[in-house]
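# Close look at the chain arrangement
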Amino acid sequence: QVQLVESGGGLVQPGGSLRLSCTASRSISSIYAIGWYRQAPGKQREYVATITSSGSTAYVDSVKGRFTISRDNAKNMVFLQMNSLKPEDTAVYYCKVVVGPQSSWGQGTQVTVSS
């Protein structure tokens with residue numbers, strides 16, 4: 001079982017930046033895939049970005065060029081650098097890991113983009 005804690009959310013103006021952090025309760029070096037998802041009120045949770053153990057990354061089209069996912073294995077952390085934020089990025093952002101057949105989610109961190 002992996003516990004995840006997200007942090008770094010907050011209120012930011014359009015065009016601003018935030019850096020989200022996901023801290024895991026165990027080593028992430030052997031975890032194949034770690035991802036960020038988001039959910040706005042009244043909408044389904046959607047995929048945002050993924051990073052694999054080999055360092056490959058992927059993003060949903062709407063955030064390409066603006067968001068960057070990265071990891072620090074020594075700190076058991078995964079990050080999501082969000083630049084050029086738009087109001088439509090407003091959502092609760094969740095970290096997700098898959099260990100074998102099990103998926104684990106954090107509690108989420110709120111990101112609000114508004115002027």
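Numbers given for residues are sequential positions, taken from 1 along each chain in its written order. Residue-level local features of this predicted model are given only where pLDDT is at least 70; pairs of side-chain atoms are given and counted only at 80 or more, and the full residue set underlies all totals for whole chains, interfaces and linings. With hydrogens and water stripped out, all remaining heavy atoms of the structure feed into the side-chain values.

## Brief notes about the pattern of salt bridges
Opposite charge on two side chains allows them to pair when their charged atoms are near. Just to be clear on terms, a salt bridge is a Lys or Arg side-chain nitrogen sitting within 4 Å of an Asp or Glu carboxyl oxygen. Scanning all chains against the criterion turns up 4 salt bridges. Residue D89 is joined to R38 by a salt bridge in which the shortest nitrogen-to-oxygen separation is 3.0 Å. Of this pair, D89 sits in the loop between strand 8 (77-82) and strand 9 (91-99) while R38 sits in strand 4 (residues 33-39); the two residues are 51 residues apart in sequence, bridging distant segments of the chain. In this structure, D61 engages K64 in a salt bridge whose closest nitrogen and oxygen atoms are separated by 3.0 Å. In this structure, a network of salt bridges that share partners links the residues R38, E46, R66 and D89. A helix here means a DSSP run of H or I that spans at least four residues, while a strand means a run of E at least two residues long, and both kinds are numbered starting from the N terminus.

## Considerations on the environment of S70
With respect to the helices and strands, S70 occurs in strand 7 (residues 67-72). Burial classes: relative accessible area under 20% of the type maximum marks a residue as buried, over 50% as exposed, and values in between as partly exposed (1.4 Å probe, protein chains only). We classify S70 as partly exposed; its relative accessible area is 23%. The spacing of S70 and G42 is 28 residues in sequence and 29 Å in space, taken between C-alpha atoms.

## Considering the sheet that holds strand 3 (residues 18-24)
If you walk across this open sheet you meet the 4 strands as 1-3-8-7, and the pairing is antiparallel. Of all strands in the sheet, those bounded by a partner on one side alone are strand 1 (4-7) and strand 7. This sheet shows a mean twist of 15 degrees between the axes of neighbouring strands, independent of strand direction. Only strands that DSSP links by at least two bridges are regarded as paired with each other. For strand 7 and strand 8, the ladder comprises 6 bridges, and the chain directions are antiparallel. Note that in strand 8 the partner of F67 across the bridge is M82. Only the stretch in contact is used when fitting a helix axis, every axis being a line fitted to C-alpha atoms; angles between N-to-C directions are given from 0 to 180 degrees.

## Side note on the packing of aromatic side chains
By convention, a stacked pair of Phe, Tyr or Trp rings (six-membered ring in the case of Trp) has centres within 6.5 Å and planes under 30 degrees apart, an edge-to-face pair has planes over 60 apart, and any other such pair is tilted. Applying the stated criterion to the full structure yields 3 aromatic pairs. Between the aromatic rings of Y37 and Y47, the centroid separation amounts to 5.7 Å while the plane-to-plane angle is 75 degrees, which identifies the pairing as edge-to-face. Residue Y37 is located in strand 4, and its partner Y47 is located in strand 5 (residues 46-52); the two are separated by 10 residues in the primary sequence. The partly exposed category is assigned to Y47, whose relative accessible area is 27%. Relative to W105, the ring of Y37 lies with its centre 5.0 Å away and its plane at 65 degrees, an arrangement referred to as edge-to-face. In this pair, Y37 sits in strand 4 while W105 sits in strand 10 (residues 102-105), placing the two residues 68 residues apart along the sequence. Assessed through its relative accessible area of 18%, Y37 is described here as buried. Looking at W105, the relative accessible area reads 34%, which means it is partly exposed. Members of the aromatic cluster, joined through ring pairs, are Y37, Y47, Y94 and W105. Look at NZ for Lys and CZ for Arg. If either is within 6 Å of the ring centre and within 35 degrees of the ring normal, a charge sits over the ring. The lysine or arginine in question, R45, covers the ring of W105, its NZ or CZ lying 4.6 Å from the ring centre.

Purely spatial values, then, with no claim about function.
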